[in-house]
Amino acid sequence: MSATLPILDSDSTPPVAYAPGPLAKPGILDVPADTLRAWLGERGQPPMRVNQIRRQVLASRTTTFEAMSDLPKQLRAELAEAFSVLSMRVEKHLFAKDDTHKLVLRLNDDRMIEAVLIQDDGRATACISTQVGCGMGCVFCASGLNGVVRNLTTGEMLEQLVMLRNLTDATSTNPDRALRLTNVVVMGMGEPLANLESLLEALAIAGDKNGLGIGARHVTISTVGLPAKIRKLAESGKQYSLAVSLHAPNDELRTRIVPTNDKTGLDAILASADEFYEKTGRQVTYEYVVLGGLNDLPQHAKQLAGLLVGRKAHVNLIPWNDVEGLPYNRPQDADLQYLIDTLRKSGVSVKVRKRKGSEIDAACGQLRRKVEMSVAAPAASLPTVEV
Ligand code: SAH
């Protein structure tokens, strides 16, 4: 559990220079369009400037107001006085050998979240957070250990995408061939469906051709399973993919692992996911974090197959990523294989999720915890980030 990592810490040179300094002003992506329109109006500027400014940040990758050459000089100065292009600061930037990058981001109120860039098979995928912390309390997960603090704003979710997209350019050895950020998985910290309205707004702006051009079919939203919100997502008429975190094939075990199951129950979750498929035509993915000796016994494999057979479903098995201090185990290879074989024999499509960036604590919430602990510690005993 303790290896020297190809990571960035105080001793290594980051691939991107981050400005230190005081916390930023309000992020421009967080100013609602009508507020910004009014602000511009007071300065004699037409409403179309709103889209111009957003396009600069989202599509043109402009990182300072000064460089927004299609805006009058005076306006650029006034914008810089009042707002920042990006409000979040990079507290820590780590990268793994497999080209996975993780940012720990400090928000304007000093809270911290994580965002991850996965570069694989010629494509770049952003994994974003939707809340500070998480209120769902899944027993094996680092994000929810201290509960939920607050929802992220639309702008804070968009900023994560912009920062990760900018990172594809900055870290590419050949800028002409930087991977395009084409995919988003909403699988970072937090429960996305508990912050659905702001998330949908962020994804709509990200999907616009003047935004980041990330199409709905390239976005996957992962949920603990909130039936009413799954229906709401289906009714939005968007082609987002849905991933449901199942983690157990019966209510008794699921309630032990995923406490919110006590209120929802498996039946209602599966029924809402079926409805999602009927309304959108999008196959639902079921995520199953495999906890050695807890939810990977032969009877679990059979029950899981029984639950999903005949459903338009795909299963992602995710061997548990260790979280310091939690009493769970990764599965034995033979038990994982038994799960795979049992599902396949029943005709249920299944994959084991590859471990990406495991040496940089890419599983949600893990790194933020360590950074928060290190920030809180007296300077003399700052721990280095090691796994
Ligand atoms: N709240 C959403 C998003 C959470 S993160 C949800 O529950 O789906 C995305 C996935 O990572 C979830 O399936 C979550 O259960 C899983 N996960 C969290 N911590 C993990 C860990 N330590 N190891 C493996 N998977 C983990």
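Within any chain, residue numbers begin from 1 and follow the written order of that chain's sequence. Two thresholds apply to this predicted model, a pLDDT of at least 70 for residue-level local features and 80 or more for giving and counting side-chain atom pairs, whereas whole-chain, interface and lining totals are computed over all residues. Where side-chain values are given, they derive from all heavy atoms of the structure, hydrogens and water being excluded.

1. Looking at the side chain of His101
Secondary structure counts use DSSP, requiring at least four H or I residues in a row for a helix and at least two E residues in a row for a strand, with both numbered from the N terminus. Topologically, His101 is positioned in strand E2 (residues 101-106). The cut-offs for exposure are 20% and 50% of the maximum accessible area for each residue type, with area from a 1.4 Å probe on protein chains only; residues under the lower value are buried, those over the upper are exposed, and the others partly exposed. For His101, a relative accessible area of 2% gives the class buried. Definition of a polar contact: a pair of N or O atoms within 3.5 Å, with one able to donate and the other able to accept a hydrogen when the atoms are protein atoms, and with sequence-neighbouring residues admitted only if both atoms are side-chain atoms. Among the polar contacts made by the side chain of His101, one reaches the side chain of His93 at a distance of 2.9 Å.

2. Focus on the environment of Val50
Along the chain, the position of Val50 falls in helix H2 (residues 49-58). Here the alpha-carbon distance between Val50 and Val31, two residues 19 residues apart in the chain, equals 9.9 Å. What makes two residues a contact is simply this: any of their non-hydrogen atoms within 4.5 Å. Non-local contacts of Val50, meaning those with residues more than four positions away in its chain, are made with Ala33, Leu36, Arg37 and Leu40.

3. Re the sheet that holds strand E1 (residues 89-95)
One bridge is not enough; two strands pair if DSSP finds at least two bridges between them. With respect to topology, 10 strands assemble into an open sheet ordered E1-E2-E3-E4-E7-E8-E9-E10-E11-E12, the strand pairing being mixed. Bordering the open sheet on either side are E1 and strand E12 (349-352), each of which pairs with just one other strand. Going across the sheet, the axis of each strand differs from the next one's by a mean of 20 degrees, ignoring polarity. Bridge count for strand E10 (residues 284-290) against strand E11 (residues 313-319) is 7 bridges, and the pairing is parallel. Its bridge partner being in E11, Val290 is matched across the sheet by Pro319. The axes are straight lines fitted to the C-alpha atoms, using for helices just the contacting stretch, and the angles between their N-to-C directions are given from 0 to 180°.

4. A short note on the side chain of Ser222
For Ser222, the position within the fold is in strand E8 (residues 219-223). Overall, the relative accessible area of 10% leaves Ser222 in the buried class. Side-chain polar atoms of Ser222 contact the side chain of Glu287, separated by 2.7 Å.

5. A short note on the site of the ligand
We define proximity as follows: a residue is near a molecule or strand when any one of its heavy atoms falls within 4 Å of that partner. The ligand sits among 19 residues. The nearest are Glu191, Ser222, Ser245, His247 and Asn321. In this structure, Asn321 approaches the ligand through a main-chain N or O atom, which is 2.9 Å from a nitrogen atom. At the level of secondary structure, the elements contributing two or more residues to the shell around the ligand comprise E8 and E10. Following the grouping adopted for this structure description, the nonpolar residues are Ala, Val, Leu, Ile, Met, Phe, Trp, Tyr, Cys and Pro, the charged ones are Asp, Glu, Lys and Arg, and the polar ones are all others, Gly among them. Residue classes in the shell around the ligand are distributed as 10 nonpolar, 7 polar and 2 charged.

6. Thoughts on H2
For H2, the buried fraction is high: 8 of the 10 residues fall into the buried class. Turning to H2, its buried residues number three or more, namely Arg49, Val50, Gln52, Ile53, Arg54, Gln56, Val57 and Leu58. Lining the buried residues of H2 we find helix H1 (33-42), helix H3 (73-82), helix H4 (154-170) and helix H5 (196-207).

7. Looking at the packing of helix H10 (residues 298-308) against helix H11 (residues 333-345)
For the pair H10 and H11, interaxial distance at closest approach is 9 Å and the crossing angle is 30 degrees. When the axis of H10 is compared with that of H11, the two are roughly parallel. The way H10 lies across H11 gives a crossing that is right-handed. Contacts between H10 and H11 involve Pro298, Ala301, Lys302, Leu304 and Ala305 from the first element and Tyr338, Leu339, Thr342 and Leu343 from the second. Partitioning the contact of H10 with H11 into residue classes produces 7 nonpolar, 1 polar and 1 charged. Orientation categories follow fixed angle ranges, with anything under 35 degrees roughly parallel, anything over 145 roughly antiparallel, 65 to 115 roughly perpendicular, and all other angles oblique. Crossings are sorted by hand: turned counterclockwise from the far helix by less than a right angle, the near helix makes the crossing left-handed, and turned clockwise it makes it right-handed.

8. With respect to the packing of aromatic side chains
Think of a pair of aromatic rings as described by two things: how far the centres are apart, and how the planes are tilted against each other in angle. We call Phe, Tyr and Trp rings a pair once their centres come within 6.5 Å, taking the six-membered ring for Trp, and we label the pair stacked below 30 degrees between planes, edge-to-face above 60, and tilted otherwise. Evaluated as defined, the whole model comprises 2 aromatic pairs. Measuring from centroid to centroid gives 5.8 Å for Trp320 and Tyr328, while their planes differ by 80 degrees, and the two rings are edge-to-face.

9. So, the packing of H4 against H5
Where H4 contacts H5, the axes come no closer than 8 Å and their chain directions differ by 45 degrees. With respect to their mutual orientation, H4 and H5 come out oblique. Between H4 and H5 lies a crossing whose hand is right-handed. From H4, Thr154, Met157, Leu158 and Leu161 reach across to H5, where they touch Ser198, Leu199, Glu201, Ala202, Ile205 and Ala206.

10. Side note on the pairing of E12
Where E11 and E12 come together, 4 bridges link them in parallel fashion. When the bridges of E12 are listed, Leu317 appears paired with Val352. Every crossover in which the path from the first strand over the helix to the second runs clockwise, viewed with the strands pointing away from the viewer, is termed right-handed. On the question of chirality, the crossover connecting E11 to the parallel E12 by way of H11 is right-handed.

11. Looking at the confidence of the model for the protein
The predictor rates its confidence in each residue with pLDDT, a number between 0 and 100. In the predicted model, the protein carries a mean pLDDT of 87, and 84% of its residues have values of at least 70. Below a pLDDT of 50 lies the segment residues 1-12, which in the model reaches 25 contacts outside its immediate sequence neighbourhood of four places, other chains included.

12. Points about the nonpolar core
The biggest cluster of nonpolar side chains holds 100 residues, and the ones touching the most others in it are Ile28, Leu36, Ile53, Leu79, Ile221, Tyr286 and Leu317. Counting contributing residues per domain, this core is built from domain 1 (20-82) and domain 2 (89-372), each supplying no fewer than three. Setting aside residues no more than four positions away along its own chain, Ile53 makes contact with Ile28, Leu36, Leu40, Phe65, Met68, Leu71 and Leu79. Among buried residues, the Ala, Val, Leu, Ile, Met, Phe, Trp, Tyr and Cys ones that are joined through side-chain atoms within 4.5 Å form a nonpolar core. Domain start and end points were adopted from an automatic or database domain assignment.

13. A short note on the pairing of E2
Buried residues dominate E2, accounting for 6 of its 6 residues. Burial of E2 is two-sided: the residues His101, Leu103 and Leu105 facing one way and the residues Lys102, Val104 and Arg106 facing the other way are all buried. Bridge analysis of E1 against E2 gives 6 bridges, and the strand direction is antiparallel. Of the residues in E2, the one forming a bridge with Val90 is Leu105. Counting the residues between successive antiparallel strands, the hairpin from E1 to E2 contains 5 residues, one of them, Asp99, with a positive phi of roughly 70 degrees.

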